[in-house]
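Structural overview
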Amino acid sequence: MDSLKLDVVIPAAGVGSRMGAKVPKQYLMLGTKTILERTLEIFLNSPLINRVIVVISKDDEIFQTLEIDSPKLLIAYGGKDRADSVRSGLNQVTTDWVLVHDAARPLLTLEDLAILVVRGRESDCGAILAAPVADTLKKSDGNGKIARTVVRKNVYRALTPQFFKTDLLVKALDEAAKEHAEITDEASALEFLGYHPLLIEGRSDNIKITNKADLRMAKALVKLRERSNKFKAV
Ligand SMILES: Nc1ccn([C@@H]2O[C@H](COP(=O)(O)OP(=O)(O)OP(=O)(O)O)[C@@H](O)[C@H]2O)c(=O)n1
Ligand SMILES: C[C@](O)(CO)[C@H](O)COP(=O)(O)O
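These figures come from a predicted structure and were not determined experimentally. (Residues numbered from 1 in each chain as written. Chains lettered and ligands numbered in written order. Predicted model: local features only at pLDDT ≥ 70, side-chain atom pairs only at ≥ 80, totals over all residues. Heavy atoms only, no water.)

**Concerning the sheet that holds strand β6 (residues 97-100)**
Operational definition: A strand pair is defined by DSSP finding two or more bridges across the two strands. A run of H or I in DSSP counts as a helix once it spans at least four residues, and a run of E counts as a strand once it spans at least two, with each numbered from the N terminus. Between N-to-C directions, angles span 0 to 180 degrees; the directions come from axes that are lines fitted to C-alpha atoms, helices contributing only their stretch in contact.
As summarised here, the arrangement of the 7 strands in space is β5-β4-β1-β6-β10-β7-β11, forming an open sheet in which the pairing is mixed. Of all the strands in the sheet, just β5 (73-77) and β11 (198-201) have a single pairing partner and so form its edges. If you compare each strand with its neighbour and ignore which way they point, the axes differ by 30 degrees on average. One ladder, built from 5 bridges, connects strand β1 (residues 6-11) with strand β4 (residues 49-56); its direction is parallel. Considered in β4, the bridge of Pro-11 is made with Val-55.

This is the structure:
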């Protein structure tokens, strides 16, 4: 194995409750392919990647119907929440550094992936793609009213991929789970251990498809990119 190549874990064991579709959202169509197929293709076709470990639900009956034939692809089975699924996928990782990327983010570009990997290796623990917050942020009082404005200076939305030393990420997730810490991304587990991963600015259109409005936006972005690619081909 090329020592510079990386394994990537793709958590894809969610049910997509906020989407409210008949199938888990990773199996919804985005143009001619499912969201999951588009996300997997980014990594299966990348020379940076050693193996792609897709983490699916034990009850998943759709994945096997997809026609994805790659020696780079391995399957792991997910857990109760996203952190459990990522931890399960890490059991199959063999590279010193690892990427974790949401199945629900099919619009990642190869440029952002490359920037994250190059810059992330400069860090003592790792790095994440993130987008600076552009809107004014309000904290709710819990009763539908504004409690206060959140100062948005130096505030970012965490994206994925997130890129870490494998052994450190395993240790962080295990420690956080032991202490029942709320972990919604890999960086929060590293922060729980006192690390400060690098923030690498990524494209704001690397959206996580969570609800129907996100799906509409993703479909429009895919059409736009496919049209501009056709233009380049010409
Ligand atoms: N137990 C879980 C929960 C989520 N995920 C994955 O983590 C990514 C980000 O999670 P999210 O967008 O929250 O997906 P869901 O959990 O499916 O959505 P919801 O919270 O609306 O149910 C998704 O690719 C999802 O499939 C996972 O692998 N295992
Ligand atoms: C990992 C993540 O995409 C970073 O923003 C986000 O935390 C996932 O949250 P979700 O509720 O599991 O979608």
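**Some words on the site of ligand 1**
Formally: Throughout, the term near means that a residue has one or more heavy atoms lying within 4 Å of the molecule or strand in question. Each polar contact in these results corresponds to two N or O atoms within 3.5 Å; when the atoms are within protein, one needs to be able to donate a hydrogen and the other to accept it, and residues that are neighboring in sequence are counted only if both atoms are side-chain atoms. Methods summary: accessible areas were calculated by the Shrake-Rupley approach with a probe of 1.4 Å, and residue burial reflects only the protein chains presented. Using a 1 Å grid laid over the protein atoms alone, points where a 1.4 Å probe fits but cannot get out form a cavity; open sets with protein on both sides within 12 Å along at least 5 of 7 lines form a pocket; any residue with an atom within 4 Å of a point counts as lining. Assignment of a molecule to a cavity or pocket requires that more than half of its atoms lie within 2 Å of the corresponding grid points. Each residue gets one label: Ala, Val, Leu, Ile, Met, Phe, Trp, Tyr, Cys and Pro are nonpolar, Asp, Glu, Lys and Arg are charged, and the others, such as Gly, are polar.
Of all residues adjacent to ligand 1, which total 18 residues, the nearest are Gly-16, Ser-17, Arg-18, Lys-25 and Ser-85. The separation between an oxygen atom of ligand 1 and a polar main-chain atom of Ala-13 is 2.9 Å. Separating an oxygen atom of ligand 1 from a side-chain N or O atom of Ser-17 is a distance of 2.7 Å. When ligand 1 is considered free in solution it has 560 Å² of accessible area, and contact with the protein chains removes 88% of it. Put simply, ligand 1 lies in the largest pocket. A class-by-class count of the residues in the shell around ligand 1 yields 6 nonpolar, 5 polar and 7 charged.

**A few points about the packing of aromatic side chains**
Stated formally: Any pair of Phe, Tyr and Trp rings, taking the six-membered ring for Trp, is counted once the centres come within 6.5 Å. Such a pair is stacked with planes under 30 degrees apart, edge-to-face with planes over 60 apart, and tilted for the rest. Per-residue accessibility, obtained with a 1.4 Å probe over protein chains only, is compared with the maximum for each type, and a residue is labelled buried under 20%, exposed over 50%, and partly exposed between these values.
Tallied over the full model, the rule gives 1 aromatic pair. Geometrically, the ring pair formed by Trp-97 and Phe-163 is tilted, given 4.9 Å between the ring centres and 35 degrees between the ring planes. In this pair, Trp-97 sits in strand β6 while Phe-163 sits in strand β10 (residues 156-165), placing the two residues 66 residues apart along the sequence. Classification of Trp-97 as buried rests on a relative accessible area of 11%.

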